[in-house]
Amino acid sequence: MKKRILSFSFIVVALLLLGGCAKKNNENQIVIWHNMRPEETKILDRQINEFMKIHPDTKVIQLFKETEEMRSGYIVAAIGGQGPDMVYGPSDQVGPFAEMNIIKPLNEVFPKEYLANFNDKALIYSNNKLWMLADKLGNHLALVYNKKLVPAPPRTDKELIEIGKKLTIDKNGDGKIDQYGLVWNYTEPYFFVPFLTGFGGWVLDSLNRPTLNTPQMIKGLNFIKQLRDEYKIIPNEADYNVADALFKEERAAMIINGDWSWAGYVKAGLDIGIAPLPLITETGKYAAPMVSPKGYCVNINLNKAKTEKVKQLLEYLLSPEKELEATKEAKTFPTRKELYEDKLFKDDPILFNSKKQIDLGIPLPIITEMRAIWDAMRPSYQAVLGGSMTPEKAAVEMQKNAQIKIKELKEDYTNPVFGLIFKLILFAIVIAILFFLRKSFVAFFRNIKKDGFAYILALPALVVMVAVIFYPFVYNIILSFSNMSLAHINDWSLVGFIQYVKVFSEPQFYEVLLKTIIWTFTNIFFHVVIGVSLALMLNRDMPGKGIFRTLLILPWAVPQYIVALTWRGMFNYEYGSINLILAKFLAMSPIEWLKSPVEAFTAVIITNVWLGFPFMMIIALGALQSIPQELYEAADIDGAKWYQKLKSITIPLIKPVMIPAITLGMIWTFNNLNVIWLVSNAGEPSDKTHILVSYVYKAAFNLYRYGYAAAFSFVIFLILLAFGLSFLRKTKATESVY
Amino acid sequence: MKNKKLVNILIYIVLTIFTLIVLYPIINVFTISIRPNDRLFSTDLSIIPANATFKQYIELFKNRPFLLWAWNSAIISGIVTFTGVALASTAGYAISRFNFVGKQSSMLGLLTTQMFPATMLLLPMYIMLIKLQLLNSYLGIIIVYSATALPFCVWQMKGFYDTIPFSLEESARIDGCNQWQAFYKIIFPLAAPALVITALFSFMTAWSEYIVAAQVLQDTSLYTLPLGLKSFESNMSTEWGLYAAASLIVSIPVVVLFIVLSKWLVSGLTLGSVKG
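Here is what the cut-offs are and how they apply
- Residues numbered from 1 in each chain as written.
- Chains lettered and ligands numbered in written order.
- Predicted model: local features only at pLDDT ≥ 70, side-chain atom pairs only at ≥ 80, totals over all residues.
- Helix = DSSP H or I, 4+ residues; strand = E, 2+ residues; numbered from the N terminus.
- Buried ≥ 20, exposed ≤ 12 C-beta atoms within 10 Å, placed from the backbone.
- Contact = placed C-beta atoms within 7 Å.
- Pairing = 2+ DSSP bridges.
- Right-handed = clockwise from strand over helix to strand, strands pointing away.
- Domains from an automatic or database assignment.
- Nonpolar A, V, L, I, M, F, W, Y, C, P; charged D, E, K, R; others polar.
- Axes fitted to C-alpha atoms, helices over the stretch in contact; angles between N-to-C directions.
- Expected span 1.5 Å × (residues − 1).
- Arc of directions from axis to C-beta.
- Parallel < 35°, antiparallel > 145°, perpendicular 65-115°, else oblique.
- Left-handed = near helix turned anticlockwise from the far one by under 90°.
- pLDDT = per-residue confidence, 0-100.

Asker: Sorry if this is basic, but what is going on with the overall build of chain B here?
Answerer: Looking only at helices and strands, chain B features 13 helices and zero strands. Starting at the N terminus and walking to the C terminus, you meet the elements of chain B as α-α-α-α-α-α-α-α-α-α-α-α-α. Expressed as lengths along the three principal axes of its C-alpha atoms, the size of chain B is roughly 70 × 70 × 30 Å. For chain B, with 276 residues in total, the buried portion stands at 53%. In chain B, 75% of the contacts between residues at least 6 apart in sequence involve partners at least 24 apart.

Asker: I would appreciate a short explanation of the pairing of strand 1 (residues 29-34) of chain A in the present structure.
Answerer: Residues in a regular strand point their side chains to alternate faces of the sheet. Residue and element names in this part refer to chain A. Bridge count between strand 1 and strand 2 (residues 59-64): six bridges; the pairing is parallel. Pairing of isoleucine 32 across the sheet is with glutamine 62, part of strand 2. Taken together, strand 1, helix 2 (residues 38-54) and strand 2 constitute a β-α-β crossover, and its handedness is right-handed. Summarising the sheet, strand 1 and strand 3 (residues 86-90) pair through three bridges and their orientation is parallel. Within strand 3, the position partnered with histidine 34 by the bridge is tyrosine 88.

Asker: Is there a simple way to think about the environment of Ala206(B) in this case?
Answerer: Residue and element names in this part refer to chain B. With respect to the element layout, alanine 206 can be found in helix 9 (residues 192-208). Classification of alanine 206 as buried rests on a count of 29 C-beta atoms within 10 Å. When the C-alpha positions of alanine 206 and isoleucine 142 are compared, they lie 8.1 Å apart, and in sequence the two are 64 residues distant. Among residues more than four places away in sequence, those in contact with alanine 206 are Ile76, Ser77, Val80 and Tyr145.

Asker: Just checking my understanding: could you explain the pairing of strand 13 (residues 294-298) of chain A for this structure?
Answerer: Residue and element names in this part refer to chain A. Within strand 13, five of the five residues are buried, which leaves it mostly tucked inside the rest of the structure. Bridge count between strand 5 (residues 129-136) and strand 13: three bridges; the pairing is antiparallel. When the sheet's bridge partners are listed, alanine 134 is paired in strand 13 with glycine 295.

Asker: How do you make sense of the domain arrangement of chain A when you look at a structure like this?
Answerer: Interfaces are often sized by the amount of accessible area the parts lose when they come together. Splitting chain A by domain gives domain 1 (29-138 + 293-363), domain 2 (141-288 + 368-409), domain 3 (415-455) and domain 4 (503-732). Computed over C-alpha atoms only, the centres of domain 3 of chain A and domain 4 of chain A are separated by 38 Å.

Asker: Just to check I follow, could you spell out the domain arrangement of chain B for this structure?
Answerer: Residue and element names in this part refer to chain B. Its domain assignment divides chain B into domain 1 (1-53) and domain 2 (62-275). Domain 1 and domain 2 are separated by 30 Å when their C-alpha centres are compared. Contacts between domain 1 and domain 2 engage eight residues on the former and seven residues on the latter. For the side of domain 1 that touches domain 2, the class distribution of residues is four nonpolar, one polar and three charged.

Asker: Is there a simple way to explain the sheet that holds strand 5 of chain A in this structure?
Answerer: Pairing between sheet strands relies on hydrogen bonds along the backbone, with the strands arranged either parallel or antiparallel. Residues and elements named next belong to chain A. The strand order across the open sheet formed by six strands is 2-1-3-13-5-4, and the pairing between neighbours is mixed. The sheet is open, and its two edges are formed by strand 2 and strand 4 (123-126), each paired on a single side. In this sheet, adjacent strand axes meet at a mean angle of 25 degrees when their direction is disregarded. Packing of helix 3 (residues 67-79) onto the sheet brings it into contact with strand 1 and strand 3, and relative to strand 3 it is tilted by some 140 degrees.

Asker: Can you walk me through helix 8 (residues 179-190) of chain B in this structure?
Answerer: The periodicity of an α-helix, 3.6 residues per turn, causes residues three or four places apart in sequence to face the same way. All names here are of chain B. The terminal C-alpha atoms of helix 8 lie 16 Å apart, and with twelve residues this matches the ideal 16 Å at 1.5 Å per residue to within 8%. Looking only at helix 8, the buried set comprises Ala182, Phe183 and Leu190. Axial view of helix 8: buried residues confined to an arc of 90 degrees, hence all on one face. In helix 8, those exposed residues whose orientation departs by more than 90 degrees from the buried face are Trp180 and Lys185.

Asker: Quick question: what am I supposed to make of the interface of chain B and chain A here?
Answerer: Each partner contributes residues to the interface: chain B has 113 residues there, and chain A has 120 residues. The element contributing the most residues to the side of chain B that touches chain A is helix 6 (residues 138-162) of chain B, with 17 residues.

Asker: Quick question: what am I supposed to make of the sheet that holds strand 6 (residues 141-146) of chain A here?
Answerer: Residues and elements named next belong to chain A. Strand order in the open sheet formed by four strands is 7-8-6-9, and the pairing between neighbours is mixed. Every interior strand has two partners, whereas the edge strands, strand 7 (180-184) and strand 9 (272-275), have only one. Between one strand and the next, the sheet's axes are offset by a mean angle of 25 degrees, whatever the strand orientation. Pairing of strand 6 with strand 8 (residues 252-258), which is carried by five bridges, proceeds in the antiparallel orientation. Each residue of the ladder has a partner; that of leucine 141, found in strand 8, is glycine 258.

Asker: Help me understand unusual backbone geometry in this model?
Answerer: A negative phi angle characterises most non-glycine residues, just as the trans form characterises most peptide bonds. All names here are of chain A. For asparagine 127, which is not glycine, the phi dihedral falls at a positive 50 degrees. Even without glycine at this site, lysine 331 takes up a positive phi of about 55 degrees. Inspection of the secondary structure puts lysine 331 in the loop between helix 12 (320-330) and helix 13 (344-347). On the basis of neighbour counts, which here come to 19 C-beta atoms within 10 Å, the residue lysine 331 falls in the partly exposed class.

Asker: Can you walk me through the packing of helix 21 (residues 509-538) of chain A against helix 28 (residues 642-670) of chain A in this structure?
Answerer: Helices that pack against each other are described as a pair by the angle of their axes relative to one another and the distance between those axes. Residue and element names in this part refer to chain A. At a minimum axis separation of 9 Å, helix 21 and helix 28 run at an interaxial angle of 140 degrees. The angle between helix 21 and helix 28 falls in the class oblique. In the crossing of helix 21 with helix 28, the sense of the turn from one axis to the other is right-handed. For the pair formed by helix 21 and helix 28, the contact residues are Thr516, Trp519, Thr520, Asn523, Ile524, His527 and Val528 on the first element and Ile662, Gly665, Met666, Thr669 and Phe670 on the second. Class assignment for the residues of the contact of helix 21 with helix 28 results in six nonpolar, six polar and no charged.

Asker: What is the right way to look at the packing of helix 3 (residues 66-97) of chain B against helix 9 of chain B in this model?
Answerer: Residues and elements named next belong to chain B. The geometry of helix 3 relative to helix 9 is characterised by a closest axis approach of 8 Å and an angle of 140 degrees between their N-to-C directions. Here helix 9 runs oblique to helix 3, going by the angle between their axes. Crossing of helix 3 over helix 9 shows right-handed handedness. Between helix 3 and helix 9, the residues in contact are Ser73, Ile76, Ser77, Val80, Thr81, Gly84, Val85, Ala88 and Ser89 and Leu195, Thr198, Ala199, Ser202, Phe203, Thr205, Ala206 and Trp207, respectively. Counted by class, the contact of helix 3 with helix 9 contains nine nonpolar, eight polar and no charged residues.

Asker: How do you make sense of the confidence of the model for chain B when you look at a structure like this?
Answerer: Caution applies to low-pLDDT parts of the model: their predicted coordinates are not meant to be read in detail. Residues and elements named next belong to chain B. Per-residue confidence for chain B gives a mean pLDDT of 81; residues scoring 70 or more make up 93%. Averaged over each element, pLDDT in chain B is lowest for helix 13 (residues 271-275) (40) and highest for helix 3 (90). Confidence drops under pLDDT 50 across residues 268-276; counting only partners more than four residues distant or on other chains, this segment forms 17 contacts. Interface confidence in the predicted complex, given as ipTM, is 0.84; pTM for the same model is 0.83.

Now the structure itself:
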């Protein structure tokens with residue numbers, strides 16, 4: 001054992017040294033975070049390597065990050081005085097970054113003459129400062145059609161419906177549609193916007209106030225409903241991946257999708273055409289998508305020398321030749337004016353029509369309020385699609401929610417007195433704790449010799465835990481009394497209990513709490529019952545049990561992300577295997593799993609039961625090993641039935657092992673963010689499938705309300721603590737077996 | 001006897017049904033991995049899709065640093081497993097056997113740490129790692145993973161030690177063992193099933209963790225498997241084929257580990273033989 005301790009301490013020391021040698025942000029290294037798609041990343045990577053050949057003293061690192069993660073990660077890092085040197089993303093990232101003052105104004109870096117080379121849309125200004133320099137325009141939706149099925153694309157909504165009807169076909173006459181005229185991810189507001197603009201509406205007025213409760217909005221909502229329910233040219237249920245699959249399998253003639261997807265369709269061997277979204281005849285306006293440039297923002301924390309280096313790199317990446325490479329290979333739309341004269345834009349039909357659509361499009365507003373508007377539109381829009389709300393009511397709700405959310409986003413509390421009071425309270429609490437623990441301290445020193453061995457054994461584990469958990473915990477409590485939000489990201493101060501008041505006055509709080517409790521208990525019940533039953537079966541002496549045992553742990557072994565999404569696919573209304581099985585073997589009518597709140601919640605629970613039972617099974621298998629075989633033999637001699645043995649031998653004896661596992665299982669389930677997020681697509685439909693932790697993630701982090709999020713999280717923690725302690729107290733009484 | 005046979009058949013049927021339920025979604029993942037053109041979903045329910053191809057698997061090993069990620073993950077998970085088992089087996093023993101001051105509060109403290117919602121730790125943990133200069137180092141991530149895995153491991157070990165009768169150590173002490181020997185020679189081997197679970201759990205914590213890794217590791221050459229997998233994904237256009245193929249390969253070590261360890265999970269060292 002001594003050897004082992006030695007080797008262990010050796011590893012720790014080695015690691016400490018490794019940590020010490022970890023690369024620090026040095027002067028010659030430029031880090032870029034981006035959210036490019038794979039083809040674009042490949043091009044970027046190549047261009048960076050070329051750049052490094054010309055400038056061997058500079059090292060450039062590009063790092064892909066998922067958009068949301070990039071944004072929140074960058075904010076935190078930049079506030080901490082660090083972070084990547086550049087962030088590449090869609091123009092709406094400028095809103096929060098500029099407001100938080102964590103990016104550099106680029107008009108101080110680049111001369112006017114240089115900037116004049118770019119399309120105006122590529123220069124993202126606000127308050128007369130240039131915040132982003134874009135290398136690509138677009139991110140715009142357009143109509144993509146399969147040329148094999150659609151010889152000429154529709155130019156108006158009438159033609160769209162006409163062609164759509166003709167191409168929506170039940171080929172084998174089984175009452176099920178085999179080919180749809182049109183598909184797209186119409187459940188997402190971003191993909192709905194073209195129809196709002198087509199009817200003459202828009203999301204904001206010139207003073208950046210939401211304009212969602214308008215007749216145009218109602219018309220737009222009705223139009224989508226008509227496409228689905230009256231003309232029946234789009235599927236009953238389609239998210240992004242379903243729409244994409246249908247189009248790729250030629251089971252849909254047309255799709256509305258963004259420029260990011262087109263190269264993939266060509267690669268899949270489809271003969272596609274791009275056309276601008278149709279004209280709405282009633283208004284004479286084109287259905288106009290949002291257009292957003294994508295480009296580079298520069299970290300505020302850079303010093304002068306580093307800024308020079310970054311400038312050099314940007315000039316290289318944004319040179320006409322490099323932009324043209326991206327245009328040719330990834331069909332993206334460049335920002336250098338001189339490139340528009342290139343014959344590529346006349347010869348390549350995809351680029352030609354892409355340009356046409358961009359010209360018709362409306363720039364995506366970069367203000368932070370957009371975030372609140374999306375979050376406000378989504379639930380009511382999905383309720384309209386689910387049939388639980390009329391378009392008129394939805395318009396009213398959207399507007400109301402947008403106003404509330406904008407207010408939340410802009411929340412700004414100050415309370416100069418509280419800081420001092422808080423410190424006093426904190427001090428008093430520490431003293432009080434020490435006072436109450438005084439007897440324990442005395443006992444500790446008195447018994448230290450007697451219990452020395454126990455302390456040696458327990459200490460290492462406790463030290464590691466305290467080190468990692470303690471700081472974040474205290475930090476979070478302090479944040480929960482602060483006003484940290486968009487308005488005060490760098491200069492937050494303590495303001496008192498206001499965030500807690502907000503948590504408890506949140507109308508949805510109690511509803512979500514109830515759902516969380518249902519979620520936790522249902523899950524744990526099935527996890528334990530299934531897990532223990534399987535373990536009991538597997539614990540018998542019989543051939544082949546090893547194979548079953550191995551196969552049954554698979555849900556635990558396979559990464560959650562992909563299986564959760566697979567389950568989402570299996571719950572699809574029309575094509576999912578669950579509905580097909582229900583129809584085939586149980587003659588049931590299909591269930592709208594993902595569209596109605598109760599069913600969607602059930603779907604998430606089913607997925608999580610599947611994911612979670614192997615864990616309990618493994619624990620139970622281990623626990624069953626501790627039961628002496630003689631006890632069963634004795635019971636057999638006494639003529640005990642199997643259920644008697646189960647009740648008086650097995651259950652009491654596996655209890656000491658199962659109780660901690662169940663307690664922890666409950667805690668983990670209570671706080672399980674992933675599964676909800678993936679299966680219900682972040683709370684869909686209409687934010688009705690949230691549990692507390694996913695709710696706070698969406699409602700608070702999305703709107704940069706860090707103080708509120710901290711308070712909410714702390715409340716979750718307290719609820720869980722009360723819950724856990726009472727559970728422990730209940731079970732402890734029956735714990736002593738021996 | 002006939003009765004027993006019937007029970008066995010019934011059990012086989014139940015086990016088969018469960019195995020099918022378990023396998024179906026995983027087979028789906030396999031189907032995605034051999035489906036051409038990066039489609040997550042399909043309207044076609046056949047297991048082997050038309051134009052099935054294994055090119056994703058080849059791509060994964062040939063053109064992507066998959067092996068590097070696997071190696072990184074293996075090192076991190078290995079160290080975390082070792083730390084987890086070493087610290088949890090001792091701490092669990094102390095808590096199970098001794099009545100020391102602070103025992104109750106350490107137990108509670110361990111449990112409490114598990115109650116922090118992710119939303120509570122995300123921001124402060126990141127700031128802490130920045131301040132401690134632990135970004136981009138394995139040390140940071142190993143400490144965080146060990147701390148995450150430990151509470152469960154300690155509790156699990158404690159629960160298992162509780163089922164081992166006190167009389168065993170007492171007789172060992174009478175036979176002349178000291179405290180340490182009584183633990184190390186007598187009790188520790190008996191706890192094999194719990195150690196296996198602890199090891200598996202620590203390994204899994206490190207093997208599949210994504211959120212902390214994404215915050216700490218910024219250099220692609222340090223990437224672990226979950227980070228690598230995530231890099232196949234981008235907004236709206238994910239390389240689903242690669243993602244699915246990689247997911248399946250990632251789960252192989254866990255399954256192998258389980259098979260190897262299950263020998264000890266059902267070790268002959270059951271209590272009965274010792275207890276007498």
